[in-house]
Every structure is written in C-alpha cells, then in structure tokens.
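# Survey of secondary and tertiary structure
Residues per chain, in single letters:
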Amino acid sequence: MSRAIAAAVISADGGELTFSIQTIIARGLPEGSQNWIFWFFAAAFLVKMPAFPLHGWMPDSYRAAPLPALAVFSAVLSKVGAYGFLRVVLPMIPDASDLFQTTMLVLAIGSIIYGSAMAFTKTDLRLVLGFSSVAQLGFITAGIFAFNGSGAEGALLQMINHGLSTGGLFATFGMIYERYHTREIKQLGGLARRIPILSLFMLLFTFSSIGLPGMNGFAGEFLILLGMFQRGYADAPALYHFQWTTIAVLAVFGVVLGAWYMLWLYQRVFF
C-alpha cells in the first residue's frame, strides 16, 4: 500500500497524480503555475549551492564544519543545486525558466562579483575558499541559463573541474593546518621554503581554480563565457541584447577577480 501511495496518488476526479519527472514533462504544467513553482525550486537550489543572496548560512558552516566534511560538501554536494536546475527546473518548467532567464543571469553575476569581493576581505583560509565557491557556482548558474549548448557543456564541465580543484585546495589547507594549527593568512607566510612540494601542489590547484589555459578549469570557464557571449551577441532579442552582453562582460571581469584573489592568497601564504 505504501509503495502504491508513493508511486501515484489518485485525485478526486479520477486523474492520476504522479511523481515521475518524465510524465510531468510529457503532460506539461499550466503556465500560471509554472511561475511560482519555478521560484520555489530556484530558492531551494540557490540555497543549496549557495548563491547570492541566499548564502547566509555559508560563513558559519565553513568556520565550524570538520575539514573532511567541508571538502566533500564544497567539492561535491554544492553541485546538487546546479544539477537540480538541469534535471528538474529546465525540462519541467520551460516557460517560467525562459521568462526568468535574465533574473537568474543577474543573480549568477551577483554571485560572481559578490563572492570575489568577499574573498578579498577574508583572512580565514576556509572562508576565502567558501566565497570562491560562491563565485564559481555563479559561473555554473550563468552557463546553465545561457540556454545554449556551449553554456550547458561548460556548466557540466565546471561542476566536475571545480570539484577536483576545490577538493585539492581543501586537502592542501588541511595539511597546512595540521602542521601550523592556524587558518589565519596573516599568521602564515614563507611556507614555500619549508614545504616546497606541498607548495607546488597548491600552485597547481590554484591555477586550476582560476582557469589557467592548460589546466582543467580552463575548458569549463571558456565554454561558459562562449555560451554567454553567443547568447548576448548572436541569439538575444533586441530588447535583451544590451543586458545579456553586459552580463557576459561582467562575467569576464569575474574571471579576472578570481585570478586576483587566488594568486593574492597564494602569495601571502607561501611567499
């Protein structure tokens, strides 16, 4: 009986209510319902990422969580929100996704700029990486809502690449903490002479995180930016041409900010 209830519910008029995503896609949702359903899903997935401005839980959890759990969350579980947009929101609620595309792109750029700016202000290694993840997940959201093949492919690649680079960075910071028992950047410095091999791996993970050409992070970011510029220049209706082009340019500025604060972090810790 419980399995039957979980699989389907029979409504009063005899129609079958289902939890199957494919069935819901085939039937389609009423246009009026799609708008509020979209924002309920979007709020849940943006909190999960986290994304600006629904990231308020992130700083406290990044300070307090055990480092292994934090590495798994940042590298793997934060992508669940992005997966939800790709797997649930876009196919099930296409009309509302199209209607609110510009709003989601603005939120994505807000995450990129805000996360980068906050990363500059933090002196705790964990929080720098935490706000870096907010910015990187902004890129992933932008790629998803570019609504073209390049953006979607870049978002998928960036989910994997960000997981690899962030997992490596947290592992490196964990080794530093075990040796020096501090996460404060101002209490570190000159570590390249004391732990040269660890410094080399940290440099490689940093280059991966900022998308240096030849590293794994480059392919995803390049495809995301390509998708956004294609959307802004080639595919945008006249009404949205300026808005989407501006968003794409700001995303490039976010790449520059990411390289700035990550290299600044590496310089202060290791030199």
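Residues numbered from 1 in each chain as written. Predicted model: local features only at pLDDT ≥ 70, side-chain atom pairs only at ≥ 80, totals over all residues. Heavy atoms only, no water.

Moving on, we come to the overall build of the chain. Across its full length, the chain carries 14 helices and two strands. Scaling as 2.2 N^0.38, a compact globule of 271 residues should have a C-alpha radius of gyration of about 18 Å, and the chain matches this with 21 Å. Structurally, the chain occupies a C-alpha span of about 75 × 55 × 30 Å along its principal axes. Contacts spanning at least 24 positions in sequence make up 75% of the contacts within the chain whose residues lie at least 6 apart. Per element, the accessible surface of the chain, about 12,800 Å² overall, is 69% carbon and sulfur. Across the chain, 15 positive and 12 negative side-chain charges occur, with their mean positions spaced 16 Å apart. (Helix = DSSP H or I, 4+ residues; strand = E, 2+ residues; numbered from the N terminus. Rg over C-alpha atoms; globule rule 2.2 N^0.38 Å. Contact = heavy atoms within 4.5 Å. Areas by Shrake-Rupley, 256 points an atom, 1.4 Å probe, with all protein chains shown as cover. Lys, Arg positive; Asp, Glu negative; His and termini not counted. Charge placed at Lys NZ, Arg CZ, Asp CG, Glu CD.)

Let us look at the packing of helix α3 (residues 31-48) against helix α8 (residues 101-121). Each pair of packed helices can be described by the angle between their axes along with the distance between the axes. As a packed pair, α3 and α8 sit with axes 13 Å apart at the nearest point and diverge in direction by 15°. Classified by the angle between their axes, α3 and α8 sit roughly parallel to one another. The two elements α3 and α8 cross, and the hand of that crossing is right-handed. Contact residues: α3 offers F38, W39 and L46, while α8 offers T103, M104 and L107. Class assignment of the residues belonging to the contact of α3 with α8 gives a composition of five nonpolar, one polar and no charged. (Axes fitted to C-alpha atoms, helices over the stretch in contact; angles between N-to-C directions. Parallel < 35°, antiparallel > 145°, perpendicular 65-115°, else oblique. Left-handed = near helix turned anticlockwise from the far one by under 90°. Nonpolar A, V, L, I, M, F, W, Y, C, P; charged D, E, K, R; others polar.)

All right, on to a nonpolar patch on the surface then. Side chains of V72, V76, L77 and V80 sit close together on the surface and give an oily, nonpolar patch of about 300 Å² of accessible area. Looking at the nonpolar patch element by element, the count peaks at three residues for helix α5 (residues 67-77). In this structure, V72 sits in helix α5. (Patch = residues over 30% accessible without salt bridge, like charges linked within 9 Å, V, L, I, M, F, W, Y side chains within 5 Å. Salt bridge = Lys/Arg side-chain N within 4 Å of Asp/Glu carboxyl O.)

Turning next to the pattern of salt bridges. Overall, the coordinates contain one salt bridge when judged by the stated rule. One salt bridge in this structure joins R183 and D124, with 3.2 Å as the shortest N-O distance. Pair noted here: R183 is in the loop between α10 (149-180) and α11 (191-194) and D124 is in the loop between α8 and α9 (125-144), with a separation of 59 residues, a long-range link. According to the relative accessible area criterion, D124 is buried, its value standing at 7%. (Buried < 20%, exposed > 50% of the residue type's maximum accessible area, 1.4 Å probe, protein only.)

Looking at α5, one finds that the buried residues are L67, L70, A71, F73, S74 and A75. Buried residues along α5 sit against α3, α4 (58-64), α6 (79-92), α9 and α10.

This part takes up the side chain of T172. Tracing the chain through its elements places T172 in helix α10. Setting aside chain neighbours within four positions, we find T172 in contact with L198, M202 and F205.

This next bit is on the nonpolar core. Generally speaking, a soluble globular protein has its nonpolar side chains buried in company with each other. Residues F38, F85, I144, F145 and M228 are the most contacted members of the largest nonpolar core, which totals 39 residues. Contributions of two or more residues to this core are made by α3, α6, α8, α9, α10, α13 (216-234) and α14 (241-270). F85 has contacts with A42, F45, L46, M49, L90, P91, M104, I144 and F145, leaving out every residue within four places of it along the chain. Judged by nonpolar contacts, the second largest core, of 33 residues, contains V128, L129, L169 and M262. (Core = buried A, V, L, I, M, F, W, Y, C linked by side-chain atoms within 4.5 Å.)

Right, let's talk about the confidence of the model for the chain for a bit. Of the residues in the chain, 94% reach a pLDDT of 70 or more, and the chain-wide mean stands at 83. Counting interchain partners and residues more than four positions distant, the pLDDT-below-50 stretch residues 1-14 has 12 contacts. (pLDDT = per-residue confidence, 0-100.)

In this section: the packing of aromatic side chains. Per the counting criterion, the structure on display carries 16 aromatic pairs. Arranged with centres 5.5 Å apart and planes meeting at 65°, the rings of F45 and F85 form a pair that is edge-to-face. Remark: F85 occurs in helix α6 and F45 occurs in helix α3; sequence separation between them is 40 residues. Residue F45 is classed as buried on the basis of its relative accessible area of 14%. Assessed through its relative accessible area of 0%, F85 is described here as buried. Pairing F120 with W260 gives two aromatic rings, centres 5.0 Å apart and planes at 75°, and the pair type is edge-to-face. With F120 in helix α8 and W260 in helix α14, this pair connects stretches of sequence that are 140 residues apart. Taken together, the ring pairs in this structure connect F41, F45, F85, F145 and F147 into an aromatic cluster. (Phe/Tyr/Trp six-rings, centres within 6.5 Å; stacked < 30°, edge-to-face > 60°.)

Next up on the list: unusual backbone geometry. In this chain, M49 is followed by P50 through a cis amide linkage whose omega measures -5°. Along the chain, P50 falls in the loop between α3 and α4. Of note, the amide linkage connecting F52 to P53 takes the cis form, showing an omega dihedral of 5°.

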